[in-house]
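Results of the structural survey
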Amino acid sequence: QVQLVESGGGLVQAGGSLRLSCAASGGSFDHYAVGWFRQAPGKEREFVATISWTGGRTEYADSVKGRFTISRDNAKNTASLQMNSLKPEDTAVYYCAASRTIVVLTTAASDYEYWGQGTQVTVSS
């Protein structure tokens with residue numbers, strides 16, 4: 001089974017950018033759909049973006065559409081989330097997730113079998 005480790009979080013001012021990375025180990029990343037989710041204090045985990053195993057299909061939450069871009073490099077066993085025009089409401093712990101069983105891209109956290117430990121993103125106003 002695959003293990004996921006996120007990196008790239010930090011503190012940034014509103015309007016700034018961050019790039020999150022998700023490194024997979026323990027097996028090939030091929031054939032795994034990858035999703036990014038986030039959880040702010042006191043709130044439920046919410047979907048951010050997802051990408052198919054080929055990279056050919058993506059979906060985004062309305063709140064991040066046009067600002068965030070998800071990508072992947074299967075040769076390097078990594079996935080990334082480029083976050084631009086960050087807002088204070090983007091502050092959360094961001095999680096990378098993967099699923100080998102997803103056929104149609106899904107925004108439901110329960111559909112992803114593997115999760116990283118999360119990385120904190122804080123956007124100051």
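It should be noted that the structure appears before, not after, this text.
Definitions and limits used
Residues numbered from 1 in each chain as written. Predicted model: local features only at pLDDT ≥ 70, side-chain atom pairs only at ≥ 80, totals over all residues. Heavy atoms only, no water. Core = buried A, V, L, I, M, F, W, Y, C linked by side-chain atoms within 4.5 Å. Buried < 20%, exposed > 50% of the residue type's maximum accessible area, 1.4 Å probe, protein only. Helix = DSSP H or I, 4+ residues; strand = E, 2+ residues; numbered from the N terminus. Contact = heavy atoms within 4.5 Å. Pairing = 2+ DSSP bridges. Axes fitted to C-alpha atoms, helices over the stretch in contact; angles between N-to-C directions.

Here is a general trend for soluble globular proteins: nonpolar side chains tend to be buried in one another's company. Ranked by internal contacts, the top residues of the largest apolar core, which has 36 residues, are Leu4, Trp36, Leu81, Met83 and Tyr94. The greatest single-element share of this core, amounting to five residues, is contributed by strand β9 (residues 92–99). Residue contacts for Met83: discarding those within four places in its chain leaves Gly16, Ser17, Leu18, Leu20, Arg67, Phe68, Tyr94 and Val121.

In this section: the sheet that holds strand β3 (residues 18–25). Sheets are built from strands that pair by backbone hydrogen bonding, the pairs being arranged parallel or antiparallel. Here four strands make up an open sheet; going across it, the order is β1-β3-β8-β7 and the pairing antiparallel. Each having just a single partner strand, β1 (3–7) and β7 (68–73) make up the two edges of the open sheet. When the angles between neighbouring strand axes are averaged without regard to direction, this sheet yields 15 degrees. Sheet topology places β3 next to strand β8 (residues 78–83); six bridges connect them, and they run antiparallel. Bridge pairing in β8 places Cys22 opposite Ala79.

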